[in-house]
Amino acid sequence: MAITIGFDLDMTLIDPRPGMAAVLNTLGVEAGLSLDGEHFAANLGPPLDHVLRDCGAPEERIPELVTRFRELYPEMVVAGTVALPGAHAALEAVRRAGGRTLVVTGKYAPNAALHVKALEFEVDLLVGELWAHQKAVALREHGAVVYVGDHLGDIRGALAADAVPVGVATGPCGRDELVAAGAEVVFDSLDAFPAWLETRLANGL
């Protein structure tokens, strides 16, 4: 049976920060709310509704704000998003090992799929709108044995699914934080992932 390796999306495989800042700032102007796009982009991870609450958006307006954000997203974010170093190679390493790649992200799945297509990622499965421990649901359902992410929430999700938690220090959480949360290993970038996977598989992942 083929192994399944899971990956987070934002700041693990992709860097969407300029577009994310722009779309939240635009949303704030349209809605007449004080939304800090730069802070949002520097701390990607939590779901959008959490972010909006933390920014002080009225609870009754959050559904409409989420809908509008998703409408603005394709044009404002996708084209300017780049793959992080080693992202393509990491996905290819899984395929080369005969495995399946699974992306589990807090992002709205249709918008996540636009990134996968635009950056020509070879992804077998994509699940959106899951955060932290919720990610364990998809990881367990698809039998992921490893989950790679940049956020403490990703490590918690991996642990909850009994998957090997792998951190990458390309997002808002530092190496020490990821290790303290339970990451088995933390990379500076995904460039180091293929060699680690090869070794781990040889030792019986």
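The sections below set out a description of the structure shown in this document.

Rules behind the numbers
- Every residue gets a number counted from 1 within its own chain, in the order that chain's sequence is written.
- It should be noted that, the model being predicted, local features are given only for residues of pLDDT at least 70 and side-chain atom pairs only at 80 or more, the latter also being counted only at that level, while totals for whole chains, interfaces and linings use all residues.
- The side-chain numbers reported here are obtained from all heavy atoms of the structure, hydrogens and water having been left aside.
- Axis angles are defined between N-to-C directions and span 0 to 180 degrees, where every axis is a line fitted to C-alpha atoms and, for a helix, only to the segment in contact.
- In DSSP terms, a helix is any run of H or I states spanning at least four residues, a strand is any run of E spanning at least two, and both are numbered starting from the N terminus.
- Roughly parallel covers angles under 35 degrees, roughly antiparallel covers those over 145, roughly perpendicular covers 65 to 115, and oblique covers all other angles.
- The sense of a crossing depends on the near helix, which, turned anticlockwise from the far helix by less than a right angle, makes the crossing left-handed and, turned clockwise, makes it right-handed.
- What makes two residues a contact is simply this: any of their non-hydrogen atoms within 4.5 Å.
- Gly is placed with the polar residues, together with every amino acid not listed as nonpolar (Ala, Val, Leu, Ile, Met, Phe, Trp, Tyr, Cys and Pro) or charged (Asp, Glu, Lys and Arg).
- For our purposes a nonpolar core is just a set of buried Ala, Val, Leu, Ile, Met, Phe, Trp, Tyr and Cys residues, chained together by side-chain atoms within 4.5 Å.
- Only protein chains enter the calculation, and the probe is 1.4 Å; a residue is then buried if its accessible area is under 20% of its type maximum, exposed if over 50%, and partly exposed in between.
- This arc is taken over the directions from the axis of the helix to the C-beta atoms.
- Whenever a carboxyl oxygen of Asp or Glu lies within 4 Å of a side-chain nitrogen of Lys or Arg, that contact is scored as a salt bridge.

The next subject is the packing of helix α4 (residues 62–78) against helix α6 (residues 109–118). Relative orientation and spacing of two packed helices are given, respectively, by the angle between their axes and the distance between those axes. Closest axis-to-axis distance for the α4/α6 pair is 10 Å, and the angle between their directions is 20°. Viewed along their axes, α4 and α6 adopt a mutual orientation that is roughly parallel. Seen along the crossing, α4 lies across α6 with a hand that is right-handed. Of α6, the residues touching α4 (which contributes Arg70, Tyr73, Pro74, Val77 and Val78) are Asn111, Leu114, His115 and Ala118. A breakdown of the residues in the contact of α4 with α6 according to their chemical character gives six nonpolar, two polar and one charged.

Grouped together as the largest cluster of nonpolar side chains are 27 residues, with contacts concentrated most on Phe7, Leu13, Phe121, Phe193 and Trp196. When contributions to this core are tallied by element, the ones reaching two or more residues are β1 (4–7), α5 (87–96), α6, β6 (144–149), β7 (164–168), β8 (185–187) and α10 (193–202). Of all the elements, α5 adds the most residues to this core, at five residues. When neighbours within four sequence positions are excluded, Leu13 is seen to be in contact with Phe7, Asp8, Val82, Ala83, Leu84, Ala87, Leu91, Val103, Phe121 and Leu190. Membership of the second largest hydrophobic core comes to 23 residues, among which are Met11, Ala21, Leu72 and Val78.

For the rest of this paragraph, the subject is α5. Inspection of α5 places Ala87, Ala90, Leu91, Ala93 and Val94 among the buried residues, and these make up the whole buried set. Along the long axis of α5, the arc covered by the buried residues comes to 150°, so they all point the same way. Here the buried face of α5 lies against β1, β3 (82–83), β4 (100–104) and α10. Of the residues one or two after α5, Gly98 is the one with positive phi, at around 80°.

Right, let's talk about the environment of His115 for a bit. Positionally, His115 belongs in helix α6. When its relative accessible area of 1% is taken as the criterion, His115 is described as buried. Distance in space between the C-alpha atoms of His115 and Leu91 is 14 Å, their sequence separation being 24 residues. Not counting residues within four places of it along the chain, the set of residues in contact with His115 comprises Ile14, Tyr73, Val77, Val78, Thr81 and Lys107.

To continue, consider the pattern of salt bridges. Evaluated as defined, the whole model comprises 15 salt bridges. Of the charged contacts in the structure, one is a salt bridge between Glu122 and Arg95, with a shortest N-O distance of 2.8 Å. One end of the pair, Glu122, is in the loop between α6 and β5 (125–127); the other, Arg95, is in helix α5, and 27 residues separate them in sequence. On the basis of relative accessible area, Glu122 is assigned to the partly exposed category, the value being 45%. Look at Arg95 and you get partly exposed, because its relative accessible area is 30%. Across the pair Asp154 and Lys135 runs a salt bridge whose closest N-O atoms are separated by 2.7 Å. Of this pair, Asp154 sits in helix α8 (residues 152–160) while Lys135 sits in helix α7 (residues 135–141), and the two are 19 residues apart along the sequence. When sorted by exposure, Asp154 lands in the same class as Lys135, which is buried. Each of Asp8, Lys135 and Asp154 takes part in a single network of salt bridges with overlapping partners.

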